[in-house]
Amino acid sequence: MVKKKEIKQKARVYVDGANLFYAQKHLGWFIDWKKIIKLLNKRLDILEIKYYTGIKTNDEKMKGYLAYLRKINIKTITKP
């Protein structure tokens, strides 16, 4: 018997980075984006993930974090 190929729903993921940052800080969490992507891809056909956030001038720590997100194929959209 041939198994039916499961058709996954398509999805786009939009992340409000500022709210997520303060929520995880308040809860003492650390978000592992690689695990999140892996979990989402098991259940959905992810078309894109976008991370929206504000960024301060000369915030090297945030720039490094955004570079990491881009490296793992999360599109970053920033605003001063």
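Report on the accompanying structure.

Conventions adopted
- Residues numbered from 1 in each chain as written.
- Predicted model: local features only at pLDDT ≥ 70, side-chain atom pairs only at ≥ 80, totals over all residues.
- Heavy atoms only, no water.
- Helix = DSSP H or I, 4+ residues; strand = E, 2+ residues; numbered from the N terminus.
- Rg over C-alpha atoms; globule rule 2.2 N^0.38 Å.
- Buried < 20%, exposed > 50% of the residue type's maximum accessible area, 1.4 Å probe, protein only.
- Contact = heavy atoms within 4.5 Å.
- Areas by Shrake-Rupley, 256 points an atom, 1.4 Å probe, with all protein chains shown as cover.
- Lys, Arg positive; Asp, Glu negative; His and termini not counted.
- Charge placed at Lys NZ, Arg CZ, Asp CG, Glu CD.
- 1 Å grid on protein atoms, 1.4 Å probe; cavity = no way out; pocket = protein on both sides within 12 Å on 5 of 7 lines; lining within 4 Å.
- Points joined across faces, edges and corners; volume = space filled by probe spheres on them.
- Nonpolar A, V, L, I, M, F, W, Y, C, P; charged D, E, K, R; others polar.
- Core = buried A, V, L, I, M, F, W, Y, C linked by side-chain atoms within 4.5 Å.
- Salt bridge = Lys/Arg side-chain N within 4 Å of Asp/Glu carboxyl O.

### A few points about the overall build of the protein
The secondary structure content of the protein amounts to three helices and three strands. Expected size for 80 residues packed as a compact globule is a radius of gyration near 12 Å; at 16 Å, the protein overshoots this value by more than 25%. Expressed as lengths along the three principal axes of its C-alpha atoms, the size of the protein is roughly 60 × 25 × 15 Å. For the protein, the proportion of its 80 residues judged to be buried stands at 24%. Long-range contacts, defined here as pairs at least 24 residues apart, represent 71% of the contacts in the protein between residues at least 6 apart. Working note: accessible area of the protein is about 7,000 Å², and carbon and sulfur atoms make up 57% of it. In the protein, which carries 20 positive and 7 negative side-chain charges, the distance between the mean positions of the two groups comes to 4 Å.

### Considering the layout of surface pockets
Of the voids in this model, the largest pocket is the one considered here, and its volume is about 480 Å³. What lines the largest pocket is a set of 18 residues, and nearest its centre among them are Phe 21, Thr 53, Asp 59, Met 62 and Tyr 65. Elements with a minimum of two residues in the lining of the largest pocket: α1 (17-27), β2 (44-54) and α3 (60-71). Looking at the lining of the largest pocket element by element, the count peaks at six residues for α1. Among the residues making up the lining of the largest pocket, the classes are represented as 11 nonpolar, four polar and three charged.

### Re the nonpolar core
In terms of nonpolar packing, the biggest core is built from 14 residues, with Trp 33, Ile 49, Tyr 51, Leu 66, Leu 69 and Ile 74 touching the most fellow members. Looking at this core, the elements with two or more residues in it are β1 (9-16), α2 (33-43), β2 and α3. With near-sequence residues (within four places) excluded, Ile 74 lies in contact with Trp 33, Ile 37, Ile 49, Lys 50, Tyr 51 and Leu 69.

### Points about the pattern of salt bridges
Using the criterion set out here, one finds five salt bridges in the structure. With a shortest N-O distance of 4.0 Å, Lys 50 and Glu 48 are connected by a salt bridge. Taking relative accessible area as the criterion, Lys 50 reaches 21% and is therefore assigned partly exposed. Note on Glu 48: relative accessible area 13%, which makes it buried. Salt bridges sharing partners connect three or more residues here, namely Arg 12, Glu 48, Lys 50 and Lys 75.

Geometric values such as these leave the question of function open.
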